Amino acid sequence: MIIVTTVEKLETEIANARSKMKSIGFVPTMGALHAGHIELVKRSVSENDYNVVSIFVNPTQFNNASDLEKYPRNIEADALLLEEAGCDLIFAPSIDAIYTESEKNYRFEFDFEGLDTVMEGKFRPGHFNGVVQIVSKLFTFVKPHRSYFGEKDFQQLAIIHLMTKKLEFDIQIIDCPIVREPSGLAMSSRNERLTTSQRKTAASISKILFESKQSVTNRLPLELKNWVENEIAKVDELKLEYFEIVDANTLQIINNWSVASVGCIAVFCGEVRLIDNIRY
Ligand code: AMP
């Protein structure tokens with residue numbers, strides 16, 4: 001496994017792999033890797049000849065300076081995990097290797113066709129502009145055959161599918177299931193910022209989501225939304241940002257159960273913002 005920090009070196013290595021007719025798998029991450037990320041990497045390794053993982057805490061997708069500053073970083077530990085998982089190349093560029101001065105500061109424009117009007121898009125204005133900005137750049141550099149994303153970031157995944165289609169990337173996007181702690185808590189790099197007692201508290205989020213699934217047959221979506229909101233409100237130290245039940249394809253809020261649906265939640269546990277979701 002090699003670690004490269006420049007686009008030139010990355011492109012040379014990719015061209016070399018492609019010249020040997022190797023299929024390229026790609027997993028974009030922001031590092032501080034956990035078992036959820038590693039599942040994506042293992043899936044990529046099982047389906048491709050040459051596997052690339054990027055580690056880049058992308059400043060343009062953060063709309064909160066303190067969240068960006070406190071985002072956990074640990075490249076040495078990440079490299080050990082990736083080597084073990086069978087990764088061939090880690091791309092870990094500096095901000096200047098990726099963005100020009102003007103790119104760092106302007107809002108990348110993209111027509112989300114309404115996918116960004118709810119949930120993360122609503123509460124983190126500009127977040128998905130930054131996500132599309134970085135992932136489209138990385139796709140252009142790596143030119144993978146397949147790229148792997150987690151369903152934990154459900155709205156992001158829908159937007160990556162749309163972006164891939166609209167920008168005509170010839171890349172297969174592979175959706176990977178949420179990996180959870182034994183407590184049910186969805187794995188996240190941000191969990192590292194939770195205290196031991198907050199980690200226990202945060203497990204209530206998935207517990208409430210799992211429980212909500214039991215009553216889909218006797219509650220309308222709006223009633224279920226209210227139930228989840230009330231249950232979260234009962235837990236000290238959890239502060240709900242949103243819970244929405246949406247159409248799994250259009251991400252628009254639904255009023256009845258006639259379509260495939262997903263409940264998406266964002267909650268603060270102390271200062272740490274956590275997201276999770278469940279399919280109904
Ligand atoms: P991040 O480093 O948080 O940007 O995540 C990189 C990729 O890992 C994204 O596609 C995430 O959806 C995915 N991911 C993060 N946490 C999990 C998890 N618990 N289960 C599955 N995929 C995950």
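Residues numbered from 1 in each chain as written. Predicted model: local features only at pLDDT ≥ 70, side-chain atom pairs only at ≥ 80, totals over all residues. Heavy atoms only, no water.

### Focus: the site of the ligand
Phase 1 of the analysis: Contacts to the ligand come from 17 residues, most closely from Met30, Gly150, Asp153, Val179 and Met187.
Phase 2 of the analysis: Aspartate 153 is positioned with one of its side-chain polar atoms (N or O) 2.6 Å from an oxygen atom of the ligand.
Phase 3 of the analysis: One nitrogen or oxygen atom from the main chain of valine 179 is found 2.9 Å from a nitrogen atom belonging to the ligand.
Phase 4 of the analysis: In isolation the ligand exposes 480 Å². Once the protein is present, 93% of that is buried.
Phase 5 of the analysis: For the ligand, the cavity whose grid points lie within 2 Å of the majority of its atoms is the largest cavity.
Phase 6 of the analysis: Of all the elements in the fold, those that place two or more residues in the shell around the ligand are strand E2 (24-29), helix H2 (35-47) and strand E5 (146-150).
Phase 7 of the analysis: Here the shell around the ligand gets three residues from one element, more than from any other, and that element is H2.
Phase 8 of the analysis: Along the lines of polarity and charge, the residues of the shell around the ligand split into nine nonpolar, six polar and two charged. (Near = heavy atom within 4 Å. Polar contact = N/O pair within 3.5 Å; in protein donor to acceptor, adjacent residues only side chain to side chain. Areas by Shrake-Rupley, 256 points an atom, 1.4 Å probe, with all protein chains shown as cover. 1 Å grid on protein atoms, 1.4 Å probe; cavity = no way out; pocket = protein on both sides within 12 Å on 5 of 7 lines; lining within 4 Å. Sits in = over half its atoms within 2 Å of the grid points. Helix = DSSP H or I, 4+ residues; strand = E, 2+ residues; numbered from the N terminus. Nonpolar A, V, L, I, M, F, W, Y, C, P; charged D, E, K, R; others polar.)

### Points about the packing of aromatic side chains
Phase 1 of the analysis: By the definition in use, this model includes eight aromatic pairs.
Phase 2 of the analysis: Measuring from ring centre to ring centre gives 6.2 Å for phenylalanine 56 and tyrosine 99, while their planes differ by 55°; the resulting arrangement is tilted. Of this pair, phenylalanine 56 sits in the loop between strand E3 (50-55) and helix H3 (65-70) while tyrosine 99 is found in the loop between helix H5 (95-98) and helix H6 (101-105), placing the two residues 43 residues apart along the sequence. Neither phenylalanine 56 nor tyrosine 99 differs from the other in exposure class; each is buried.
Phase 3 of the analysis: The interplanar angle of 80° and the centroid separation of 5.7 Å between the aromatic rings of phenylalanine 62 and tyrosine 71 together place this pair among those described as edge-to-face. For the pair phenylalanine 62 and tyrosine 71, one class covers both residues: buried.
Phase 4 of the analysis: Taken together, Phe26, Phe139, Phe149 and Phe169 form an aromatic cluster joined through their ring pairs.
Phase 5 of the analysis: Sitting over the face of the ring of phenylalanine 110, lysine 166 holds its NZ or CZ atom 6.0 Å from the ring centroid. (Phe/Tyr/Trp six-rings, centres within 6.5 Å; stacked < 30°, edge-to-face > 60°. Buried < 20%, exposed > 50% of the residue type's maximum accessible area, 1.4 Å probe, protein only. Lys NZ or Arg CZ within 6 Å of the ring centre and 35° of its normal.)

### Focus on the domain arrangement of the chain
Phase 1 of the analysis: Domain boundaries in the chain define domain 1 (2-176) and domain 2 (189-279).
Phase 2 of the analysis: Each of domain 1 and domain 2 has a C-alpha centre, and these two points are 26 Å apart.
Phase 3 of the analysis: If you look at the interface, domain 1 gives 23 residues, while domain 2 gives 22 residues.
Phase 4 of the analysis: At the boundary of domain 1 with domain 2, total buried surface from both sides reaches about 2000 Å², with 55% on carbon and sulfur atoms.
Phase 5 of the analysis: If you sort the residues of domain 1 by the area they bury against domain 2, Met119, Phe123 and Phe154 come out on top, with a joint share of 32%.
Phase 6 of the analysis: Summed over the shared surface of domain 1 and domain 2, the number is five salt bridges.
Phase 7 of the analysis: Glutamate 151 is the partner of arginine 279 in a salt bridge, and the nearest nitrogen-oxygen pair spans 3.9 Å.
Phase 8 of the analysis: Put simply, domain 1 and domain 2 have 10 residue pairs in polar contact (both at pLDDT 80 or more) between them.
Phase 9 of the analysis: When contributions to the side of domain 1 that touches domain 2 are tallied by element, the ones reaching two or more residues are H3, helix H7 (119-123) and helix H9 (154-166).
Phase 10 of the analysis: In the side of domain 1 that touches domain 2, the residues fall into 10 nonpolar, six polar and seven charged. (Domains from an automatic or database assignment. Contact = heavy atoms within 4.5 Å. Buried area = accessible area lost by both parts, 1.4 Å probe. Salt bridge = Lys/Arg side-chain N within 4 Å of Asp/Glu carboxyl O.)

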